[in-house]
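Summary of the model geometry
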Amino acid sequence: MKIYFSRKNLCIPYALFLVLFVIAPVLVVLYYAFTNGEGQFTLENLVGFFTSANTIGTLIYSMAVAFVVTVLCLVIAYPVAYILSKSRIKRRNGLLILFIIPMWINFTLRVTALKEVLSAIEGNLAYYPFINTVIGQTYDFLPFMILPIYTTLIKLDKDLEEAASDLGANDFRTFLKVTLPLSMPGVISGIMMVFLPAMTNYVILDILYNSTYIMGSLIGSYFSAYNWHTGSMISIVLFAIVFAATLITNKYTDIDNAADRGAML
Amino acid sequence: MDNIIELRGIKKCFEGNEPVVEDINLTVKRGEFVTLLGPSGCGKTTTLRMIAGFETPTEGEILLGGEDISKKPPYLRSINTVFQRYALFPHLNVFDNIAFGLKLKKLNKKKIVEKVEKVLDVVDMEGFEKRKISTLSGGQQQRIAIARAIVNEPEILLLDEPLGALDLKMRKEMQLELKLMHESLGITFIYVTHDQEEALTMSDKVVVMANGHIQQIGTPEEIYNEPNNAFVADFIGESNIFNGVMAEPLKARFCDAVFECLDNYPKNTHVDVVVRPEDIVIVPEDEGQIKGEVISVIFKGIHYEITVQCGKNEIVIQRTKSAEVGSVVGMYIEPDGIHCMPCGTLVNCYEGIISKNNTVEFGDGVFECDVTMLYPGSQIDENGNLMTGGGEYIDLTGVRVKVEVPVDMPVMSDDENEGGACGNINSLIYKGDHYNYLIKTKSGFEYVLNDEYLWNENDYVSIVIPKEAIRLSFLESEE
């Protein structure tokens, strides 16, 4: 008997993977979010989220942290990515490696090292928990902002900048009117890659002795108290926020080029 | 007409490499349509980019209306460019693309709208203001790119192979339109192309470039009818190129016959003889100056292309009547159909250093040579040492010498280790019974050689020079 092997069959492992590790967990989370302890459908968890001062407070604090971290990352990463993309090819790779090498070291290790540095400077980390968190997260997430911006800048057609200059724009105007708008897809994906982790990654806060909860630690605390339902609902709300943010940003970044979409990854 | 732009002694090297262009001197008059024509890699685009301001010349100056602008950034020059791949801004619509330069000049809105509409009318794209660039076809993008440049009313419009990406029919149309636009706008056009037909059709003045040097500047007719050298003749139109010698002034000898011509060079001057295929008349066998056998006839639409074997030379003839393959025909050429020009390199000259084992290093390679020719009467003893006639031993290692290699002697090989030096074929010209090759090594040394076999441009070859072909002599300063 001849076995027909269609190329389509190649997608089976991926489909299986998706179902097992993406769709199924989401469904489980959804199920828990909308049921109570007895397994009945309820919206209580949803209402609870928006009425609990504790949850809302944590949401605001997390957003504040994430916002400051994202802005800081952006402010540092854009010039770095810009300089990298403009430097000569030989030097460029060396510089890029400098920014990537830290990613090869386990991040808890890096943050622990940072903690020692910060405590040496500040004496007691408890004085500035917010600032320490921001420093820790910025330090950790910076490469995720640099890389997507760098990728879009490097792919930018050099002719366009020359055309702008040819039409009378000085270097600053060329940057403002051509380079910056055309690098927005990279900026947006950088923001996406930093903002969400900054709202949820509580390990950094733990290591830096910041006892304030952010969304991640809140979910974790409910889960470790076996309250799957509230924890799941918080996850779902976070998911919804991120989803909405993605939709909005995609709509406002005018991406004509399908190739540019690659930068969204 | 006064001069609008003048290039003086322009040279450009990228990061210490070999110069890309050298010794470029060019004057463009106001309102002229000038075309820089040459094969890819000849430096025409680099020259254009220096005029635009994207590159700074390593040496020389660019005068725009008498003022040196070679160090000025592009945004301070009243020159605009139409880019090869258009370089329209993908994030702006058609209107904003065209208005880009006007907005920077801080013109008021009404004026901008007025100018954009007018220029859209010129390029025949009315009503496209709100369209996105990505929704336009290649030809439409081309027109917008031209509109974006001319709306700024530059003194000079630079066009870098602007029609290269269009299909043939579209290209013909745009050629005509550009020509008309040039006439009606009165702007000076500097146009870059590798398409000789395009250059001849459109320009007032053609600048033929090769290997970073200007080969000839002239009107299309001059370039076609009176090429300066074999390269120009070969590049522009079809041509038969022969090696010839002046039998006496106004008489050239080639293809084993003497022809009357209009070129006055002293007797025995080596010349390249160019004869256009349409200038050769086929006559009955005995009535021609030369005769040969027809070896192929190809129908080309307007004419037949007839190849005749005449001795060792192949001669290509174009005429409207066919001929019979295998028949013997006579050929006649009017004196004004023969164009002689002093021949290119006959002998390659280098400065070399004698290295051990009786070899000489030059032109990026090491070659075996006969060092005894430096000292008449000397010989090499059994240990490989040089002994003069007087019995003295001489160590020549490290001595600088002049090396001469006639173009007929070296051969090429595709075995990298066979020859002394390796390089890429930079150009080749067919000369009736052989090809004339220019080979460039990695660090820019040039070898000119003749070979009867056809190699391809850019082939990587090794150059084999027989020992006896290397003529050595002492450099004058050494003596």
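In this numbering scheme, every chain counts its residues from 1 along its sequence in written order. A letter from A marks each chain and a number from 1 marks each ligand, given out in the order of writing. Per-residue local features are limited, in this predicted model, to residues with pLDDT of at least 70; the limit for side-chain atom pairs, both in listing and counting, is 80 or more; totals at the level of whole chains, interfaces and linings are taken over all residues. As a convention, hydrogens and water are excluded, and side-chain values are obtained from all of the structure's heavy atoms.

For any pair of aromatic rings, the description consists of the separation of the ring centres together with the inter-plane angle of the planes. Only Phe, Tyr and Trp rings take part, Trp by its six-membered ring, and two of them pair if their centres are within 6.5 Å. Stacked means planes under 30 degrees apart, edge-to-face means over 60, and tilted covers everything else. Counted by the stated rule, this structure contains 27 aromatic pairs over all chains. An angle of 45 degrees between the planes, with centres 6.4 Å apart, marks the rings of Tyr32(A) and Trp228(A) as tilted. Taken together, the positions of Tyr32(A) in helix H1 (residues 12–33) and Trp228(A) in helix H11 (residues 228–252) put the pair 196 residues apart, joining distant regions of the chain. Taken together through their ring pairs, the aromatic side chains of Tyr31(A), Tyr32(A), Phe223(A), Tyr226(A) and Trp228(A) make up a single cluster. Comment: the charge-over-ring label is applied if NZ (Lys) or CZ (Arg) is within 6 Å of the ring centre and within 35 degrees of the ring normal. Over the ring of Phe95(B) we find Lys130(B); its NZ or CZ atom is 5.7 Å from the centre of that ring. Numbering of helices and strands runs from the N terminus; a helix is a DSSP stretch of H or I covering at least four residues, while a strand is a stretch of E covering at least two.

Let us now look at the confidence of the model for chain B. The pLDDT value expresses, per residue, how confident the predictor is, ranging between 0 and 100. For chain B, per-residue confidence averages 88 on the pLDDT scale, and 99% of positions sit at 70 or higher. Scored by ipTM, the complex comes to 0.76, with pTM at 0.76.

Below, the discussion takes up the pattern of salt bridges. Salt bridges, as used here, are contacts in which a Lys or Arg side-chain nitrogen is within 4 Å of a carboxyl oxygen on Asp or Glu. Scanning the entire structure with this criterion turns up 24 salt bridges over all chains. One salt bridge connects Glu161(A) with Lys86(A), and the closest N-O pair in it is separated by 3.0 Å. Pair noted here: Glu161(A) is in helix H7 (residues 158–166) and Lys86(A) is in helix H3 (residues 53–86), with a separation of 75 residues, a long-range link. Accessibility expressed as a relative area gives 14% for Glu161(A), which makes it buried. Partly exposed residues are those whose accessible area sits between 20% and 50% of the maximum for their type, while under 20% is buried and over 50% is exposed, using a 1.4 Å probe and protein chains only. Residue Lys86(A) is classed as partly exposed on the basis of its relative accessible area, which comes to 44%. Glu32(B) is the salt-bridge partner of Lys205(B), the closest N and O atoms lying 3.7 Å from each other. Linking Lys205(B) in strand S9 (residues 205–210) with Glu32(B) in the loop between strand S2 (19–29) and strand S3 (33–37), this pair joins segments that are 173 residues apart in sequence.

All names here are of chain B. Where each domain starts and ends follows an automatic or database-derived domain assignment. Domains assigned within chain B are domain 1 (3–225), domain 2 (230–342) and domain 3 (347–478). Domain 1 and domain 2 are separated by 39 Å when their C-alpha centres are compared. Every residue pair with non-hydrogen atoms within 4.5 Å of one another is taken to be in contact. Domain 1 puts 14 residues into the contact, and the matching count from domain 2 is eight residues. When domain 1 packs against domain 2, close to 900 Å² is buried across both sides, 71% of that on carbon and sulfur atoms. The tally of links between domain 1 and domain 2 comes to zero salt bridges. Any pair of nitrogen or oxygen atoms within 3.5 Å is treated as a polar contact; in protein, a donor-acceptor pairing is required on top of that, and neighbouring residues in sequence qualify only through side-chain atoms on both sides. On inspection of domain 1 and its partner domain 2, the count reaches three residue pairs in polar contact (both at pLDDT 80 or more). Secondary structure elements with two or more residues in the side of domain 1 that touches domain 2: helix H6 (196–202), S9, strand S10 (213–218) and helix H7 (220–225). For this classification, Asp, Glu, Lys and Arg are treated as charged, while Ala, Val, Leu, Ile, Met, Phe, Trp, Tyr, Cys and Pro are nonpolar and the rest, including Gly, are polar. Residues belonging to the side of domain 1 that touches domain 2 are distributed by class as follows: eight nonpolar, six polar and no charged. Accessible-area loss on putting two parts together, using a 1.4 Å probe and summing over both, is the definition of buried area adopted here.

Residues and elements named next belong to chain B. Patch membership requires more than 30% relative accessible area and the absence of a salt bridge. Residues of like charge join within 9 Å; the nonpolar side chains Val, Leu, Ile, Met, Phe, Trp and Tyr join within 5 Å. Residue burial considers only the protein chains on display, and all accessible areas are found by Shrake-Rupley using a 1.4 Å probe. Positive charges are assigned to Lys and Arg, negative charges to Asp and Glu, while His and the chain termini are left out of the count. Charge placement uses NZ in Lys and CZ in Arg. For Asp and Glu, CG and CD serve respectively. A cluster of like negative charges, contributed by Glu238, Glu278, Asp279, Glu334 and Asp336, occupies part of the molecular surface. Here glutamate 238 shows up in the loop between helix H8 (230–235) and strand S11 (240–248). Judged by its relative accessible area of 43%, glutamate 238 is partly exposed.

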